[in-house]
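Okay, here's what each chain looks like letter by letter:
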Amino acid sequence: MAGIDYISKIPNNVDLTSNRRLQRALEDWQPKFLEWWQDMGPDGFQARETYLRTATSVDAQGWAQFGYVKMPDYRWGIFLADPEPDRRIAFGDYKGQPAWQDIPGEHRGALRRLIVTQGDTEPASVEQQRHLGRTCPSLYDLRNLFQVNVEEGRHLWAMVYLLQAYFGRDGREEAEQLLQRRSGDRDKPRILGAFNERTPDWLAYFMFTFFTDRDGKYQLASLAESGFDPLSRTCRFMLTEEAHHMFVGETGVGRVVQRACEIMREHKTDDVRKHGGIDLPMLQRYLNFHYSVSLDLFGSEVSTNAANFYTAGLKGRFEETKKDDDHQLKSATYPVIALNGDAFAKRDEPALPSLNERLRDDYVVDCDRGVQRWNQVIKRHGIDVELTLPHRAFHRAIGAFAGLRVSPDGRVVSQADWEARRAEWLPTPEDEAYVASLMKPVVEPGKFAGWIAPPARGINGQPVDFEYVRLG
Ligand SMILES: [Fe+2]
Ligand SMILES: [Fe+2]
């Protein structure tokens, strides 16, 4: 078991005290991080005690400890999953060689770019979510929001550790810039599109944690395969935290679906809004939006970068080591969906440049599983509606389908058709205004806003009406 040094200013299991130079660099960065957290982290509530879990070791059993913490006192630290003895690079040109414990010089730039791109998403989501606490639907949800926020803060620490420990001066500069970019800022935006979108309300938040945090899961899982062992171990531990974020998204949307169904049954009506709920057609529009912007995060269908990252052993496939092929893919092909005339069809492409698309495919399957679980809720209420993932070419801004006008069911449509039906397919200003009108804080323990059902159970075995955040 890898215990964590909690005595140090920066909790860690990387023996920071024996590396004075690195320790000083991180201690120098720490107050800047805290300053960023105060400026851009959750608005309000910083002085409130919140029932949070904190990592205390990285083994499967004991890593989470629950207790009341004020967010600025959360022990952000550096935790790597235990090393695998004699770990070998599992793919690419270096397949079979010992995993690197240091940066291979010729891949330094590419690795830095991968780490910075991942690192940039972590503070971005905290910034996107910073005003949500003010309109929480319950203390339970407020606590979950803050848990996600502090963990995204820790994921930033995880990437900054790699930058500072392995990249010298330019790593330190990148670490500074991670605190200087701002989500949605016109002059210094975050790197990736979805992380510059607004998360104005809790429905958007639940969709974000379901769809966009799930992109994170797939990116982290393929970086966890990296031949650069410190990156692999860092990402493996981050994935254990990420699971909770997707739980928040899946159960959050699921509870909104459930509440809509309850209203429909109770009042024998489809007019859910009349009774303060979020109707299923609007939910579908939010889903369409968040799914499509999250698909963009995987990048172009054909990408030499993706091929190079793989061949160089830097970024693998999802569950690389479970796959049964040569793990080099030089002559392999992969079916990629493309527009052929005015229809979409699969076409075999060289496997290496198609790796983004392959990861996107894994992601799509995973998203669909969650959507089917929401549909089970609808079915249980005897309601004949199904939520669906829109076609992957719908509303895309990156890759082969960018700029095409495609309906959610996968037909290429004219610009005029698109304009005419946009309001059926994507959230409208009226939708957003309606959802905004529902965003009234509910902070009495055990009480929930009228648009969302209570969860099936509380956190860490606590009752649903537990005082998850002490506001008194
Ligand atoms: Fe994260
Ligand atoms: Fe996350």
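Just so it is clear, the model here is predicted, and its values are computed rather than measured.

Caption draft 1: Molecular detail of the overall build of the chain. Secondary structure assignment for the chain yields 11 helices and five strands. On C-alpha atoms alone, the chain measures out to a radius of gyration of 23 Å, which is about the 23 Å that the 2.2 N^0.38 rule sets for 472 residues. Considering the chain as a whole, with its 472 residues, one finds that 45% of them fall into the buried category. Restricting the contact set of the chain to residue pairs at least 6 apart, pairs at least 24 apart contribute 69%.

Caption draft 2: Up close: the nonpolar core. If you look at the biggest cluster of nonpolar residues, it comprises 114 residues, and the most contacted ones within it are V160, M207, V256 and A260. The dominant element in this core, judged by the number of residues it contributes, is helix α3 (residues 139-166), at 17 residues. When near neighbours in sequence (up to four residues on either side) are disregarded, V256 contacts L203, F206, I278, L283, W451 and I452.

Caption draft 3: Broad picture of the packing of helix α5 (residues 202-223) against helix α9 (residues 355-380). Close contact between α5 and α9 brings their axes to 10 Å; oriented N to C, the two are set at 135 degrees. One finds that α5 runs oblique with respect to α9. Once α5 is placed against α9, the crossing between them reads as right-handed. Between α5 and α9, the contacting residues are F210, F211, R214, D215, Y218 and S222 on the first element and L359, D362, Y363, D366, C367 and G370 on the second.

Caption draft 4: Up close: the sheet that holds strand β5 (residues 469-470). Strand order across the open sheet formed by three strands is β2-β1-β5, with antiparallel pairing between neighbours. The open sheet is flanked by β2 (64-70) and β5, the only strands paired with a single partner. Sheet analysis places strand β1 (residues 49-55) next to β2, joined by seven bridges and oriented antiparallel. Looking at the pairing, A55 lines up with A64 of β2. The strands that α3 touches are β1 and β5; relative to β1, the one it contacts most, it runs at about 40 degrees.

Caption draft 5: Layout of unusual backbone geometry. Backbone geometry at E319 places phi at a positive 55 degrees, although glycine is not the residue there. With respect to the element layout, E319 can be found in the loop between α8 (304-311) and β3 (333-340). Among the residues examined, E319 registers 12 C-beta atoms within 10 Å and is labelled exposed.

Caption draft 6: Region of interest: α3. End to end, α3 covers 41 Å across 28 residues, agreeing with the expected 40 Å (1.5 Å per residue, within 8%). Among the 28 residues of α3, 28 are classified as buried, and the element is accordingly described as predominantly covered. Phi for G168, located one or two positions after α3, is positive at around 55 degrees.

Caption draft 7: Inspection of the environment of V385 at higher detail. Inspection of the secondary structure puts V385 in the loop between α9 and α10 (415-425). Between the C-alpha atoms of V385 and N375, which are 10 residues apart in sequence, the distance is 7.9 Å.

Caption draft 8: Just the packing of α3 against helix α4 (residues 168-178), in detail. Between α3 and α4, the shortest axis-to-axis distance is 7 Å and the interhelical angle comes to 155 degrees. By the angle class used here, α3 and α4 are roughly antiparallel. Residues L156, V160, L163, Q164 and Y166 of α3 pack against G171, R172, E174, A175 and L178 of α4.

Caption draft 9: Representation of the pairing of β1. Most of β1 is tucked away, with five of its seven residues classed as buried. With two bridges connecting them, β1 and β5 associate as antiparallel partners. The partner of T50 across the bridge, within β5, is V469.

Caption draft 10: Main features of the environment of P408. With respect to the helices and strands, P408 occurs in the loop between α9 and α10. Separated by 94 residues in sequence, P408 and L314 have C-alpha atoms that sit 35 Å apart. When neighbours within four sequence positions are excluded, P408 is seen to be in contact with N288, P390, H391, F394 and W425.

Caption draft 11: Quick look at helix α6 (residues 229-267). With 39 residues, α6 extends 57 Å between its outermost C-alpha atoms, agreeing within 8% with the 57 Å of an ideal straight helix rising 1.5 Å per residue. The largest bend in α6 amounts to roughly 30 degrees and is located at T240. One or two residues past the end of α6 sits K268, with phi positive at roughly 45 degrees.

Caption draft 12: Layout of the environment of F247. Positionally, F247 belongs in helix α6. Distance in space between the C-alpha atoms of F247 and R421 is 32 Å, their sequence separation being 174 residues.

Criteria and thresholds
- Residues numbered from 1 in each chain as written.
- Chains lettered and ligands numbered in written order.
- Predicted model: local features only at pLDDT ≥ 70, side-chain atom pairs only at ≥ 80, totals over all residues.
- Helix = DSSP H or I, 4+ residues; strand = E, 2+ residues; numbered from the N terminus.
- Rg over C-alpha atoms; globule rule 2.2 N^0.38 Å.
- Buried ≥ 20, exposed ≤ 12 C-beta atoms within 10 Å, placed from the backbone.
- Contact = placed C-beta atoms within 7 Å.
- Core = buried A, V, L, I, M, F, W, Y, C linked by C-beta atoms within 7 Å.
- Axes fitted to C-alpha atoms, helices over the stretch in contact; angles between N-to-C directions.
- Parallel < 35°, antiparallel > 145°, perpendicular 65-115°, else oblique.
- Left-handed = near helix turned anticlockwise from the far one by under 90°.
- Pairing = 2+ DSSP bridges.
- Expected span 1.5 Å × (residues − 1).
- Bend = angle between axes of the 7 residues up to and from the residue.

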